[in-house]
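Descriptive analysis of the structure
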Amino acid sequence: MAEQYGSGAQTESPPPPSGRSRPKLDTRKFGPLVTLAMCGLIAGLVAAAAAFPMVGVTGLTAKAASDAFQALPSTLKSAPIPQTSMLYAADGSYITSFYEQNRVYVKLADVPPLMRNAIIATEDQRFFQHGAFDGPGVIRALLANQSAGKIQQGASTLTQQLVKNILRYSAQNEKEDKAAVADTPARKVRELRYAIALEKQLKKEEILERYLNIAYFGNGAYGVYAAAQAYFSKEPKDLTLGEASLIAGMVKNPTLYNPLNEESSKAKERRDYVLDRMGSLNYAAQNDVNAVKADAIKLNPKVMPRQCENAQNRESFGFYCGWFVEWFKQNKAFGKTRQERENQLERGGYRITLALDPKIQETARKSIDNQVSPNNSDALGEVVVEPNTGRVKAMAINRTYSIAPNAYGRKYPNSTIALLSGTTESAGYQAGSTFKMFTMVAALEKGIPLSIRIHAPEQYVSKYVQDKGPASCQGGGGKFYYCPKNDNRFMTGTHTMWSGFGESVNTFFVQLEEKVGVKAAVDAAEKLGVTFRAGKDLENKANPDGWGSFTLGTAQVSPLDMANSYATLAARGKRCEPTPLLKIADSAGKELPYAQSTCSQVIPPAVADAANDAAKCPVGGTPVAGGKCVNSQSGVTAGDITGVLKRQVAGKTGTTDNDNAAWFVGYTPNMAAAVFQANPDEPNTTVGHTRNPQLVFKSTMAVALQGLPNENFTPPEANLVQGETGTVPRVVGSELESAKRTIVRAGFTVTDSPDRVASDAPEGRVGRTDPEGGESAPKGSPVTIYLSNGEQPAPTQASPPSSAQPGEPDFPNFPNDAGRPQISQPPDRQGRDRPGRHFGHGN
């Protein structure tokens, strides 16, 4: 909001800085020049004549001047002067600045008297003795300039100079800007009119404070604070006599008297002139003046960093800074348009403290670089988010935030692309099996309990029709269907959500997705915090029924979205919008409300609690109520993490086809993080090591959790653990249709298996079910029917103790295993997944 000057009452000006009493003006000698009533008639003419001697007052009569003077508005509307916005980390360490003009507003009390006096001595020595118009000064300038036939002395007071600057900053267009500096009598008249109004409104100290903050001192420094920093790397309060004199001398001609230019002798001449003026006016002792003049200028220049590309420690903080700028430009609280918001950032003088924790950030970057060099084509990055607030604590990647060109035409290590936060330019990366979480949440929202039992074959023919491809198989009518496989054959068997999630069983989750519908899984992802940006994903979202691979993570997503989505689960279903802010204050130091978290409950707490319980499984945790994380010989995917961090952790690994991307997203009740590895420029290349995200997560979280309470997840409610259970009917030996009706009447659903089994039942009759008749199972869960092949079952052989649940056969007895080649040992689930086994999915 523009300030208005000129409507207030006349205030008495304070004494000069030296402490001398303010002498009264001799109106007998200069009365016609300074009496306010006469200013409208002649002051403008005199000032104009002094400033423009060759033009004089030709064609400008006293009456015309008076009419023009009175016609000018008496209120000066001042647009806020641009000020530098400063960016800090959470610990107060400085990161960078944003500015159109490098200016930090400083109160007059923080400007030492020697700096104030230096300006007054060189620019307006009678500042505290006259009003807006300095009669003796004007007459002196008029005589000197008329005698010389050119401008040798200025006649503008500090107040008039301030008005000139205010008019420039308030200009709405180029015409108004030119009018503010035009060499015309009309401009001088207008300046005087406004100066008179300003002197009525403000005290002398206030005028001097504004002048010291608006004046340009060269070398990109606007205002005395920026000047002290630019030339001496100090604050104004710490300036010496010589330093203050040098700065004051540059106002007249910042280019000519810039001490950083080659012609530095001019700067010394000007500094010494200011020193002499201060000595003659008793602002400084003559001995001090002589001592300073004998010394050469001693500089300690400092360039104020600007933008994220020049940030302190940009190798670590740059991408976080870049995300903050984009967040600011998107935030409507700072303006109606992106351009207005950018202007606000560069002109508003904000003091911005980020949620960025340097300790976590540095740990993340160091751990990342230990795994993958910045000169590697693979990008390895991590985002850390605080649940319940959405504050982003770290954002690190093995890249340098820079616009500098890269060698050999590469796109790394220098980049400013939002590789971690996601944009339409960089939509993200396929996240693999981390998306199974969203299908699980959708199922829990529909009341399907964790204990639901689904038989997961090695390969599953889904109901989703798709084009022919590596993850398809041909079905009836010549159509092709989505037919995903598991990572290894050891996963084959009946699974619950605990073991399906713990072992990352693809064919379990595709069937679960069929039960809830792809749209429900997509909706769950968006509610938790995922934004779809890629064109293909937006098309699939519009027609989700054909997006069968969604649960296996074929959509592109940013690490920030994944970290925040899992943070929503950590917060028991409360989603907070990701924010870079810890606090923000305006140029006056008033704290603004824009750093407050924006949160909402997006899923019931009970649903989040149940999902969290299952999510303990992949990381070696122990679920409640008898949940079993492993139901085969395969094993969990990141089983050492809980032991390393020594607290309850939840999370999920993810890899994609041919290991083109690797992920780990994990969380505790008080911290969440997502780590990815992929080649952003060639996404179809294989990453180096799929365990890297887990290694980075463990290192970072070990530091991020320091000092935080060791909290446990809330146990899930009973209805989402077991649900309403029933007894599976005994239908072995029944005809197929009769068995189906019996099972449905009991409250279950039916799945037909294409495999036939050896059984005592006649061929074509029900040979067995899974779960078996007489077992307890959640209502609504599927019962798989296997028809008999008419052959007698082989005699039972002694075998090692089974790890299967009661009533559930061990893996070797599953019918799908007949005739398969044996694998000597299970794959290392802690290491890299076997290539060529993904077919559009991840683990």
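Residues numbered from 1 in each chain as written. Predicted model: local features only at pLDDT ≥ 70, side-chain atom pairs only at ≥ 80, totals over all residues. Heavy atoms only, no water.

**Section: the overall build of the protein chain**
- Along the protein chain, the regular secondary structure elements total 27 helices and 26 strands.
- In the protein chain, of all internal contacts separated by at least 6 residues, the share reaching a separation of at least 24 is 73%. (Helix = DSSP H or I, 4+ residues; strand = E, 2+ residues; numbered from the N terminus. Contact = heavy atoms within 4.5 Å.)

**A closer look at the sheet that holds strand 4 (residues 94-98)**
- The sheet built from four strands is open, its strands ordered 4-3-5-17 with mixed pairing. Strand pairing shows two members of the sheet lacking a second neighbour, strand 4 and strand 17 (581-585), which therefore form its edges. Strand after strand, the sheet turns through a mean of 15° between neighbouring axes, direction not considered.
- Here strand 5 (residues 351-354) runs beside strand 17; their pairing, made up of four bridges, is antiparallel. In the sheet register, Arg351 faces strand 17, and the bridge partner there is Ala585.
- The strands touched by helix 14 (residues 314-330) within the sheet are strand 3 (85-88), strand 4, strand 5 and strand 17, with strand 4 carrying the most contacts at an inclination of about 40°. (Pairing = 2+ DSSP bridges. Axes fitted to C-alpha atoms, helices over the stretch in contact; angles between N-to-C directions.)

**A few points about helix 17 (residues 436-445)**
- Most of helix 17 sits out of view: nine of its 10 residues are buried.
- Gly447 occupies a position one or two residues after helix 17 and carries a positive phi of about 90°. (Buried < 20%, exposed > 50% of the residue type's maximum accessible area, 1.4 Å probe, protein only.)

**Re the state of the cysteines**
- In this structure the tally under the stated criterion is four disulfides.
- Put simply, Cys308 and Cys321 are joined by a disulfide, and their sulfur atoms are 2.0 Å apart. Because the sign of the S-S torsion sets the handedness, a value of about -75° for the bond joining Cys308 and Cys321 places this disulfide among the left-handed ones. Taken together, the residues span a long stretch of sequence, with Cys308 in the loop between helix 13 (286-293) and helix 14 and Cys321 in helix 14 at a distance of 13 residues. (Disulfide = S-S within 2.5 Å.)

**So, the pattern of salt bridges**
- On inspection of all chains with the given rule, the structure shows 29 salt bridges.
- In this structure, Glu191 engages Arg187 in a salt bridge whose closest nitrogen and oxygen atoms are separated by 2.8 Å. On the criterion of helical spacing, the pair formed by Glu191 and Arg187 is a turn pair, its members being four residues apart in helix 8 (residues 185-201).
- Taking relative accessible area as the criterion, Glu191 reaches 1% and is therefore assigned buried.
- What makes Arg187 buried here is its relative accessible area of 7%.
- The salt bridge partner of Arg338 is Glu326, with a shortest N-O separation of 3.0 Å. Note that Arg338 is positioned in helix 15 (residues 338-347) and Glu326 in helix 14, a separation of 12 residues in sequence. (Salt bridge = Lys/Arg side-chain N within 4 Å of Asp/Glu carboxyl O.)

**Re the nonpolar core**
- Grouped together as the largest cluster of nonpolar side chains are 109 residues, with contacts concentrated most on Phe324, Met437, Met497, Met562, Trp663 and Tyr667.
- Not counting chain neighbours up to four residues away, the residues in contact with Phe324 comprise Leu87, Phe98, Leu345, Ile352, Leu354, Pro580 and Leu581.
- Of all hydrophobic cores here, the second largest spans 63 residues; its members include Ala118, Tyr222, Val251 and Val274. (Core = buried A, V, L, I, M, F, W, Y, C linked by side-chain atoms within 4.5 Å.)

**Observations concerning unusual backbone geometry**
- The residue after Tyr412, namely Pro413, is reached through a cis peptide bond having omega 5°.
- Within the secondary structure, Pro413 is located in the loop between strand 8 (400-401) and strand 9 (414-415).
- For the bond running from Asp770 to Pro771, omega is 5°, close enough to zero to count as cis.
- In the Ramachandran plot, Gln307 falls in the positive-phi region, its phi being about 70° despite a non-glycine side chain.
- With respect to the helices and strands, the residue Gln307 is situated in the loop between helix 13 and helix 14.

**With respect to helix 19 (residues 506-516)**
- Across the 11 residues that make up helix 19, a large majority, 10, are buried.
- Residues of helix 19 that are buried make contact with helix 17, strand 11 (454-456), strand 13 (480-482), strand 14 (493-495), helix 18 (497-502) and helix 20 (518-528).
- Once helix 19 ends, the next one or two residues include Gly517, with phi positive near 95°.

**Here's the deal with the environment of Leu705**
- With respect to the secondary-structure elements, Leu705 resides in the loop between helix 25 (692-704) and helix 26 (718-721).
- With a relative accessible area of 5%, Leu705 lands in the buried category.
- Measuring from C-alpha to C-alpha, the distance between Leu705 and Met671 comes to 7.3 Å, with 34 residues separating the pair along the chain.
- Beyond its immediate sequence surroundings of up to four residues, Leu705 is in contact with Leu645, Arg647, Thr668, Asn670 and Met671.

**Some thoughts on the confidence of the model for the protein chain**
- Of all residues in the protein chain, 83% have pLDDT values of 70 or greater, and the mean over the chain is 85.
- Across residues 1-42, where pLDDT falls below 50, the model places 83 contacts with residues more than four positions away in sequence or in other chains.
- Scored below 50 in pLDDT, residues 799-841 makes 115 contacts in the model with residues more than four places away or belonging to other chains. (pLDDT = per-residue confidence, 0-100.)

**Looking at the packing of aromatic side chains**
- What the rule picks out here adds up to 26 aromatic pairs.
- Ring pairs connect the aromatic residues Phe98, Phe324, Trp327, Phe328, Phe334, Tyr350 and Tyr594, which therefore count as one cluster.
- In this structure, Arg306 is placed above the aromatic ring of Tyr99, and the distance from its NZ or CZ to the ring centre is 5.3 Å.
- Note that Arg489 overlies the ring of Phe490, its terminal NZ or CZ placed 5.0 Å from the centroid. (Phe/Tyr/Trp six-rings, centres within 6.5 Å; stacked < 30°, edge-to-face > 60°. Lys NZ or Arg CZ within 6 Å of the ring centre and 35° of its normal.)

**Quick word on the environment of Ile403**
- Residue placement: Ile403 occurs in the loop between strand 8 and strand 9.
- Separated by 94 residues in the primary sequence, Ile403 and Glu309 place their C-alpha atoms 7.1 Å from one another.
- The residues touching Ile403, leaving out its near neighbours within four places in the chain, are Glu309 and Thr416.

**With respect to the side chain of Thr642**
- Position of Thr642 relative to the elements: it lies in helix 24 (residues 641-645).
- A residue is classified by how much of its surface remains accessible, and Thr642, at 18% relative accessible area, is buried.
- Within the structure, the side chain of Thr642 is placed 2.8 Å from the backbone oxygen of Val619, a separation counted as a polar contact.
- Each residue touching Thr642, except ones within four places of it in the same chain, is listed here: Val619, Gly620, Gly621, Arg647 and Val649. (Polar contact = N/O pair within 3.5 Å; in protein donor to acceptor, adjacent residues only side chain to side chain.)

**Here's the deal with the sheet that holds strand 23 (residues 749-757)**
- Here we have three strands laid out as an open sheet, ordered 23-26-24, and mixed in their pairing. Edge positions in the open sheet fall to strand 23 and strand 24 (766-770), since each of these has one partner strand only. This sheet shows a mean twist of 25° between the axes of neighbouring strands, independent of strand direction.
- Strand direction decides the pairing type here: strand 24 and strand 26 (residues 782-788), joined by four bridges, are antiparallel. If you follow Val766 over to strand 26, its bridge partner there is Leu787.

**Focus on the packing of helix 10 (residues 223-232) against helix 11 (residues 241-249)**
- With their axes 11 Å apart at the nearest point, helix 10 and helix 11 run at an angle of 115° to one another. The pairing of helix 10 with helix 11 is recorded here as roughly perpendicular in orientation. Taken as a pair, helix 10 and helix 11 cross one another with a handedness that is right-handed. When helix 10 is examined against helix 11, the residues Ala227, Ala228 and Phe232 are found in contact with a partner set consisting of Glu243, Leu246 and Ile247.
- Tallied by class, residues from the contact of helix 10 with helix 11 come to five nonpolar, no polar and one charged. (Parallel < 35°, antiparallel > 145°, perpendicular 65-115°, else oblique. Left-handed = near helix turned anticlockwise from the far one by under 90°. Nonpolar A, V, L, I, M, F, W, Y, C, P; charged D, E, K, R; others polar.)

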